[in-house]
Amino acid sequence: MTTKQFNETLRNIKNAEYFDLFFNEYYPQIIKISMYLYHDYQDARDVAQEIFKYLLTHEIKNYIENPKSWLFALCKYNGLKLFKKEIEINENTNYYQPIYEFLSLEIRNALQKLNDDERDLIVLIWFYGYLIEEISEILHKSYHAIAKKHERIKKKLKNILSI
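A. Local environment of the overall build of the chain. Counting its secondary structure elements, the chain contains 9 helices and 0 strands. Burial analysis of the chain (163 residues in total) assigns 40% to the buried set. Across the chain, contacts joining residues at least 24 apart in sequence account for 65% of those joining residues at least 6 apart. Summing over all exposed atoms, the chain offers an accessible surface of approximately 9800 Å²; the carbon and sulfur share of this is 49%.

Rendered as structure tokens:
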């Protein structure tokens, strides 16, 4: 499945046909990634279930450039969340490092041009699946402030990537 097809399928996942297509294509990969991360088949199935539940209840608005790294980050985040090893959001956490090796060189270079706060916000939203509402609550900042910062960072990334 191409990146374009992946994103189209993801946007329409609530449609049974698209769900079946996505499930058939990516469920085995999600299980493999989760087995690698958590070393237990039942845990891997639980993570996969959480991911599909998330995909059916949330709208993915961002274009996913690297589906494999996005799936890896989704498996990692959902497993941590599921097994009560929450990703703690604070100024001392490096959210970028666990996904670094799974990003394309172009995306890595673009993210490196952002400052730490900008990179963390993008990684938390795009790769770990945090909602702006969740980040604003955790960081004790207004939704509007986080959303506006997110928009500024997206524009900055577009300029860096010359999109």
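B. Inspection of the pattern of salt bridges at higher detail. Summed over all chains, the structure comprises 4 salt bridges. Across the pair K53 and E50 runs a salt bridge whose closest N-O atoms are separated by 3.3 Å. Pair noted here: K53 and E50 are both in helix α3 (residues 41-57), with a separation of 3 residues, about one helical turn. A relative accessible area of 47% places K53 in the partly exposed class. Take E50: its relative accessible area is 21%, and that puts it in the partly exposed class. The residue K154 makes a salt bridge to E151 at a minimum N-O spacing of 3.0 Å. Placement of the pair is K154 and E151 together in helix α9 (residues 143-161), with a separation of 3 residues, close to one helical turn. Accessibility expressed as a relative area gives 23% for K154, which makes it partly exposed.

C. View of the side chain of N78. Looking at the element boundaries, N78 is found in helix α4 (residues 67-82). Classification of N78 by relative accessible area gives buried; the value is 7%. Here L74 takes part through its backbone oxygen, which lies 2.9 Å from a polar atom of the side chain of N78. The residues touching N78, leaving out its near neighbours within four places in the chain, are V47, E50 and I51.

D. Looking closely at the side chain of N7. Tracing the chain through its elements places N7 in helix α1 (residues 3-11). Reaching out from N7, the side chain makes a polar contact with the backbone nitrogen of I64 at a distance of 2.7 Å. What N7 contacts, discounting residues up to four positions off in sequence, is N62, Y63 and I64.

E. Layout of a positive patch on the surface. Residues K148, R152, K155 and K158 make up a contiguous surface patch of positive charge. Positionally, R152 belongs in helix α9.

F. Local environment of α3. End to end, α3 covers 24 Å across 17 residues, agreeing with the expected 24 Å (1.5 Å per residue, within 8%). Within the sequence span of α3, burial applies to A44, V47, A48, I51, F52, Y54 and L55. Angular distribution of buried residues about the axis of α3 spans 155°; they occupy a single face of the element. In α3, those exposed residues whose orientation departs by more than 90 degrees from the buried face are Q49 and T57. Contacts from the buried residues of α3 go to α1, α2 (16-38) and α4. N-cap assignment for α3: the residue whose side-chain oxygen lies 3.1 Å from the backbone N of Q42 is D40.

Quick notes on the rules
- Residues numbered from 1 in each chain as written.
- Predicted model: local features only at pLDDT ≥ 70, side-chain atom pairs only at ≥ 80, totals over all residues.
- Heavy atoms only, no water.
- Helix = DSSP H or I, 4+ residues; strand = E, 2+ residues; numbered from the N terminus.
- Buried < 20%, exposed > 50% of the residue type's maximum accessible area, 1.4 Å probe, protein only.
- Contact = heavy atoms within 4.5 Å.
- Areas by Shrake-Rupley, 256 points an atom, 1.4 Å probe, with all protein chains shown as cover.
- Salt bridge = Lys/Arg side-chain N within 4 Å of Asp/Glu carboxyl O.
- Polar contact = N/O pair within 3.5 Å; in protein donor to acceptor, adjacent residues only side chain to side chain.
- Patch = residues over 30% accessible without salt bridge, like charges linked within 9 Å, V, L, I, M, F, W, Y side chains within 5 Å.
- Lys, Arg positive; Asp, Glu negative; His and termini not counted.
- Charge placed at Lys NZ, Arg CZ, Asp CG, Glu CD.
- Expected span 1.5 Å × (residues − 1).
- Arc of directions from axis to C-beta.

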